[in-house]
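Residue-level listing of the chains:
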Amino acid sequence: MDYHNKLVLAPMVRVGTLPLRLLAAQYGADITYGEEIIDHRILKCERRLNELIGTTDFVEKGTEVVAFRTCDQERNRVVFQMGTSDAVRALSAAQLVAKDVAAIDVNMGCPKAFSVQGGMGSALLSKPDLIHDILTTLRRNLSTPVTCKIRLLKSPNDTVELARRIEKTGVSALGVHGRKVPDRPRDPAKWSEIADVVSALSIPVIANGDVFEYNDIQRIKSATGATSVMVARGALWNPSIFLPEGELPYEDVKREYLRKCILWDNDLKSTKQTLREMIMHYSCLEFPEGKALNKSESLADLAELYGQEEYYQFVCKTRFGVYGYR
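What this report covers is the structure whose coordinates are included nearby.

Rules of the game
Residues numbered from 1 in each chain as written. Predicted model: local features only at pLDDT ≥ 70, side-chain atom pairs only at ≥ 80, totals over all residues. Heavy atoms only, no water. Helix = DSSP H or I, 4+ residues; strand = E, 2+ residues; numbered from the N terminus. Rg over C-alpha atoms; globule rule 2.2 N^0.38 Å. Buried < 20%, exposed > 50% of the residue type's maximum accessible area, 1.4 Å probe, protein only. Contact = heavy atoms within 4.5 Å. Areas by Shrake-Rupley, 256 points an atom, 1.4 Å probe, with all protein chains shown as cover. Pairing = 2+ DSSP bridges. Axes fitted to C-alpha atoms, helices over the stretch in contact; angles between N-to-C directions. Phe/Tyr/Trp six-rings, centres within 6.5 Å; stacked < 30°, edge-to-face > 60°. Patch = residues over 30% accessible without salt bridge, like charges linked within 9 Å, V, L, I, M, F, W, Y side chains within 5 Å. Salt bridge = Lys/Arg side-chain N within 4 Å of Asp/Glu carboxyl O. Lys, Arg positive; Asp, Glu negative; His and termini not counted. Charge placed at Lys NZ, Arg CZ, Asp CG, Glu CD.

### Here we look at the overall build of the protein chain
Here's step 1: For the protein chain, the helix and strand inventory stands at 14 helices and twelve strands.
Here's step 2: Relative to its length of 326 residues, the protein chain is compact, with a C-alpha radius of gyration of 20 Å against a globular reference of 20 Å.
Here's step 3: Across the 326 residues that make up the protein chain, the buried fraction comes to 56%.
Here's step 4: In the protein chain, 64% of the contacts between residues at least 6 apart in sequence involve partners at least 24 apart.
Here's step 5: With the model as given, the accessible surface of the protein chain reaches about 14,400 Å², and the carbon-plus-sulfur share is 49%.

### Thoughts on the sheet that holds strand β4 (residues 45-50)
Here's step 1: One open sheet accounts for three strands, arranged β4-β5-β6; its pairing is antiparallel. Each end of this open sheet is capped by a strand with a single partner; those strands are β4 and β6 (66-70). On average, each strand axis in the sheet is tilted by 20° relative to the strand beside it, whichever way the strands run.
Here's step 2: The pairing of β4 with strand β5 (residues 55-60) spans six bridges and is antiparallel. Across the sheet, Leu-49 pairs through a bridge with Thr-56, a residue of β5.
Here's step 3: Relative to β6, helix α1 (residues 18-26) is tilted by about 25°, and along the sheet it contacts β5 and β6.

### Re the packing of aromatic side chains
Here's step 1: Under the counting rule described, the total for this entry stands at four aromatic pairs.
Here's step 2: With 5.7 Å between their ring centres and 20° between their planes, Phe-212 and Trp-237 make a pair best called stacked. Taken together, the residues span a long stretch of sequence, with Phe-212 in the loop between β11 (205-208) and α8 (214-224) and Trp-237 in helix α9 (residues 233-237) at a distance of 25 residues.
Here's step 3: Residue Phe-212 is classed as partly exposed on the basis of its relative accessible area, which comes to 33%.
Here's step 4: Given the relative accessible area of 18%, Trp-237 is considered buried.
Here's step 5: Ring plane angle 20° and centroid distance 4.2 Å describe the contact between Tyr-250 and Tyr-282, whose orientation is recorded as stacked. With Tyr-250 in helix α10 (residues 250-263) and Tyr-282 in helix α11 (residues 268-282), the pair connects residues that are 32 residues apart, well separated along the chain.

### With respect to a positive patch on the surface
Here's step 1: A cluster of basic residues, Arg-14, Lys-112, Arg-184 and Arg-186, forms a positive patch on the protein surface.
Here's step 2: Note that Arg-186 resides in the loop between β10 (173-180) and α7 (191-200).
Here's step 3: The exposure class of Arg-186 is exposed, given its relative accessible area of 72%.

What follows is the structure in structure tokens.
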């Protein structure tokens, strides 16, 4: 996969499922990351072809819980992001999904407790030997491209030194979030420190941080020299951020997102969480829409809330031969 001059949907926990990825691609994203999935979890899954809706599902054994769902439409651009702290386990997990995705990415930037306590995410930033072990193991044993995503370290020199070590493992690209581990989302991203990494490496660097409108894409590229740009919250609030002609109305984007959730039978919790994030950015969950969203117990309820009953019924009739399937 080519990582030069690309617009990238960032990995986002609980929301980066198939409908959001396909919607971002529809609006211009070239590469779409799935939400981080821990290696332990994917190793408990079995691969199933879901002929009913046309997807490839990785389902937790003994259950009907889908850990990861993908489809042919995104085969050449979807990136499976993995949380791991062990090279052998990482390889076993990657081998399960490698034939169904465009690339494998290792999360080395998440500062959340569940990742750090397991030695994953940003905990890896202080373990360069383990990073080398994981990435070289994946690179030597997979034909699928391998990348990783990091945060800034305490000093620019430390970040550059780590980035150079990562480059030597043979990864195809490096994602850099322009914040340090203690930083919060409200803290400004340090684009100048991403620029230090870009100037030190020969592989593509994907710049991430504080891209909230289309014009920010060119701004961060100019400021960092990065070849590609990754968008997180800006794309969650309105996935049409990738359109050069400007964002579409938020209400239209919400409805299009829901239609994709209905079509691809998305997890209800993920669907509601994504809609909540959109609403909280543009409005308030205490208004009638937010309250109705929180009370919704099915995709059918959401279809009614957003005036998509006819589309919902059409999908059900086409898929199951009956109306009103819930």
